[in-house]
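Spelled out from the first residue to the last, the chains are:
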Amino acid sequence: MTAKEYLSQAYKIDNDINSKLEQVASLRDLATKATSTMSDMPGSPNRNIHKMEDAIVKIIALEDEINSDIHELISLKADITHMIKRVSNRAERTILEKRYLCFDTWEQISGDMGYITQHTFRLHDKALKEIDGFLKVES
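Reading guide: rules and limits
Residue indices follow the written sequence of each chain, beginning from 1 at its first position. Confidence filtering applies because this is a predicted model: local features only for residues at pLDDT of at least 70, side-chain atom pairs given and counted only at 80 or more, and all residues used for totals across whole chains, interfaces and linings. The side-chain numbers reported here are obtained from all heavy atoms of the structure, hydrogens and water having been left aside. By definition, any uninterrupted DSSP run of H or I lasting at least four residues is a helix, any uninterrupted run of E lasting at least two residues is a strand, and each is numbered from the N terminus. In this scheme, a residue with accessible area under 20% of its type's maximum is buried, one over 50% is exposed, and one in between is partly exposed, where area comes from a 1.4 Å probe on protein chains only. Accessible surface is estimated by sampling points in the Shrake-Rupley manner with a 1.4 Å probe; for residues, cover comes only from the protein chains shown. Residues enter patches when they are more than 30% accessible in relative terms and free of salt bridges; like-charged ones are connected within 9 Å and nonpolar ones (Val, Leu, Ile, Met, Phe, Trp, Tyr) within 5 Å. Salt bridges are counted wherever a side-chain nitrogen of Lys or Arg sits within 4 Å of a carboxyl oxygen of Asp or Glu. Two residues form a contact once any of their heavy atoms are found within 4.5 Å. Note on aromatic contacts: the rings of Phe and Tyr and the six-membered ring of Trp form a pair at centre separations within 6.5 Å, being stacked when their planes are under 30 degrees apart, edge-to-face when over 60 apart, and tilted otherwise. Here, a charge over a ring is recorded when the distance from Lys NZ or Arg CZ to the ring centre is within 6 Å and its angle to the ring normal is within 35 degrees. Pairs of N or O atoms within 3.5 Å make up the polar contacts considered here, provided that, within protein, one atom can donate a hydrogen while the other can accept it, and that residues adjacent in sequence are counted only when both atoms are side-chain atoms.

S.K.: So what's going on with the overall build of the chain? Residues and values would help.
M.R.: Along its length, the chain carries five helices and zero strands. For the chain, the sequential pattern of α-helices and β-strands runs α-α-α-α-α. Counting all 139 residues of the chain, 31% fall into the buried class. Roughly 9,600 Å² of accessible area belongs to the chain as shown, and the carbon and sulfur atoms make up 53% of that amount.

S.K.: Describe a nonpolar patch on the surface, listing the residues and the values that go with them.
M.R.: A grouping of Met52, Ile56 and Ile60 is seen on the molecular surface, where their side chains present a nonpolar patch of about 270 Å² in accessible area. Assignment of secondary structure puts Ile60 in helix α2 (residues 51-85). Overall, the relative accessible area of 46% leaves Ile60 in the partly exposed class.

S.K.: So, unusual backbone geometry: which residues are in play, and what are the values?
M.R.: Phi at Phe103 takes a positive value of approximately 60 degrees, unusual for a residue other than glycine. With respect to the helices and strands, the residue Phe103 is situated in the loop between α3 (90-100) and α4 (106-113).

S.K.: Tell me about the environment of Ala127, and please be specific about residues and values.
M.R.: With respect to the helices and strands, Ala127 occurs in helix α5 (residues 117-138). In this structure, the C-alpha to C-alpha distance between Ala127 and Glu92, residues 35 residues apart in sequence, is 5.7 Å. Each residue touching Ala127, except ones within four places of it in the same chain, is listed here: Val87, Glu92 and Leu96.

S.K.: Residues and numbers for the packing of aromatic side chains, please.
M.R.: One pass over the structure, following the stated rule, counts two aromatic pairs. On the basis of an interplanar angle of 65 degrees and a centroid distance of 5.5 Å, the ring pair of Tyr11 and Phe103 is categorised as edge-to-face. Taken together, the residues span a long stretch of sequence, with Tyr11 in helix α1 (residues 3-32) and Phe103 in the loop between α3 and α4 at a distance of 92 residues. Between the aromatic rings of Trp106 and Phe121, the centroid separation amounts to 5.0 Å while the plane-to-plane angle is 80 degrees, which identifies the pairing as edge-to-face. In this pair, Trp106 is assigned in helix α4 and Phe121 in helix α5, connecting sequence segments 15 residues apart. Over the aromatic face of Phe134 sits the side chain of Arg86, whose NZ or CZ is 4.2 Å from the ring centroid.

S.K.: Tell me about the environment of Asn18, and name the residues and values.
M.R.: In this structure, Asn18 sits in helix α1. Classification of Asn18 by relative accessible area gives partly exposed; the value is 36%. Sequence separation between Asn18 and Ile66 is 48 residues; the distance between their C-alpha atoms is 8.8 Å.

S.K.: Break down the environment of Ser110 for me, citing the residues and quoting the values.
M.R.: By the secondary structure assignment, Ser110 is in helix α4. Remark: the alpha-carbon pair of Ser110 and Ile95, spanning 15 residues in sequence, is separated by 8.6 Å. When sequence neighbours within four positions are dropped, the list of residues in contact with Ser110 reads Tyr115, Ile116, Thr117 and Thr120. At a separation of 2.8 Å, a polar atom in the side chain of Ser110 contacts the side chain of Thr120.

Remember that the coordinates give geometry; whether it matters functionally is a separate question.
Structure representation (structure tokens):
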């Protein structure tokens, strides 16, 4: 695994969590909808009378997955933080933290640090090479 792949894992997990949170919100909306139609026609024997229960069960299952993903993300971010702290240059560490722990854009990072984007990329590449070296030693 390259340094960039290693560091990018947190972003992917964070996206998974956000996606699942959106799914939970959608299911909550579905579960709280109270629509009834008055009719003298008998109801369909095939309709799902447990619609709210099904939605609640799915919500609980998704929330369990989210909690598991959050624990994984916290653990991974701790590992990434320890790896980044091993980088010798402070500016390079800051770039890595902003990019892979805070998920800032390159423009945000460059602006915050007062660098042009190309210089930010150069420092980033240098830091990745250092982390690649750490990963090779550990594997």
